[in-house]
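What follows is each chain in one-letter form.
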Amino acid sequence: MFAVFLGVPFLQTVQYSFFDWDGLSLATWAGLDNYVAVFTDRQLRAAFGHAIVLMVFYSVLPIAVALFLTALISRANRLRGMSVYRTVLFLPQVIASVVVATIWVSIYSPDGLLNTALRLVGLDSVTRVWLGDYSTALVAIGFVGTWLNIGLCLVLFLSGFGNIVPALFEAARLDGANAAGEFFAITLPALRGQIAAALTLTMVSALKTFDLVYITTAGGPGNSTTVPAFEAYNRAFNTGQVGSAAAVAICLTLVIMLVTALISRLQPKESA
């Protein structure tokens, strides 16, 4: 199953990346030209740069917010309806990406919820076509990623928090530790494995972003929201640059593998 559905297609993609091919006519040998273009083509460099920006919104912000919420919850002896809160916060993860993108297109539209709320509080000058503005389109997509991943990170952290021995918090309080002291001395070290898992899932999600960009902006306005996965699709199926698309896909795969390997070093070592 692995060989048929992943191994063989991957090797074919590697092969395509060394050729100039439009998908129909005879392919010509290109050597490493397609890979060189990943570093020299401004549009491709920008696409990878946009992916790095999205990593902040998809990973750093959700993890920071989820850790803050976990710290608040850790101070509550008992919070009613926790299972309901977890379900609601995790709900964006189970909604189809097309539905999520459509919802946020409506929110960001000129007469959408965001602009309407800004007008109600007298901030008419701030309103704009958020997904059609060069300066805000990428950030707008990024905040969708933040909204998507907060619930995932919080569920991971709460599951890890549930494994912490309550006596540790009682001992820390008897020693005079405040909320911040408890969090940094007990909660944060205990969640190291969950943080590593959250970093892996959210950063890979940011690097692989395609459907959200495709539906909301199609890489626009101009090329201000293009990302590597979108560039690979666009070049393979719209502009007839299959070899270049394959090289982008291979480079993206290598970046994801590198990021995953680096994050794995954060995982706590299991004792023998």
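Quick caveat: nothing in here was measured; it's all calculated off a predicted structure.

## A short note on the side chain of Thr136
Working step 1: Along the chain, Thr136 falls in the loop between α6 (113-120) and α7 (137-161).
Working step 2: Apart from residues lying up to four places away in sequence, Thr136 is in contact with Arg128, Val129 and Trp130.

## Comments concerning the confidence of the model for the protein chain
Working step 1: When the pLDDT values of the protein chain are averaged, the result is 90; 96% of them are 70 or greater.
Working step 2: Ranking the elements of the protein chain by mean pLDDT puts helix α4 (residues 82-94) last, at 79, and helix α12 (residues 228-237) first, at 95.

## So, the UniProt feature "transmembrane region" (unreviewed entry) in the protein chain
Working step 1: Under the feature "transmembrane region" (unreviewed entry), the UniProt entry names residues 47-72, 84-107, 137-162 and 242-263.
Working step 2: Secondary structure across residues 137-162 divides into 96% helix and 0% strand, with the first and last C-alpha atoms of the span separated by 39 Å.

## Considerations on the pattern of salt bridges
Working step 1: The tally for this structure, following the rule as stated, stands at 4 salt bridges.
Working step 2: Two residues, Asp133 and Arg128, come together in a salt bridge whose shortest N-O distance is 3.5 Å.
Working step 3: Looking at Asp133, the relative accessible area reads 23%, which means it is partly exposed.
Working step 4: Among the residues examined, Arg128 registers a relative accessible area of 31% and is labelled partly exposed.
Working step 5: Linking Arg173 and Glu182 is a salt bridge whose minimum nitrogen-to-oxygen distance equals 2.9 Å.
Working step 6: Arg173 sits in the partly exposed class, given a relative accessible area of 35%.
Working step 7: Via salt bridges that share partners, Asp41, Glu231 and Arg235 belong to a single interconnected network.

What counts and how
Residues numbered from 1 in each chain as written. Predicted model: local features only at pLDDT ≥ 70, side-chain atom pairs only at ≥ 80, totals over all residues. Heavy atoms only, no water. Helix = DSSP H or I, 4+ residues; strand = E, 2+ residues; numbered from the N terminus. Contact = heavy atoms within 4.5 Å. pLDDT = per-residue confidence, 0-100. UniProt positions renumbered as here; feature names shortened; annotations may be inferred. Salt bridge = Lys/Arg side-chain N within 4 Å of Asp/Glu carboxyl O. Buried < 20%, exposed > 50% of the residue type's maximum accessible area, 1.4 Å probe, protein only.

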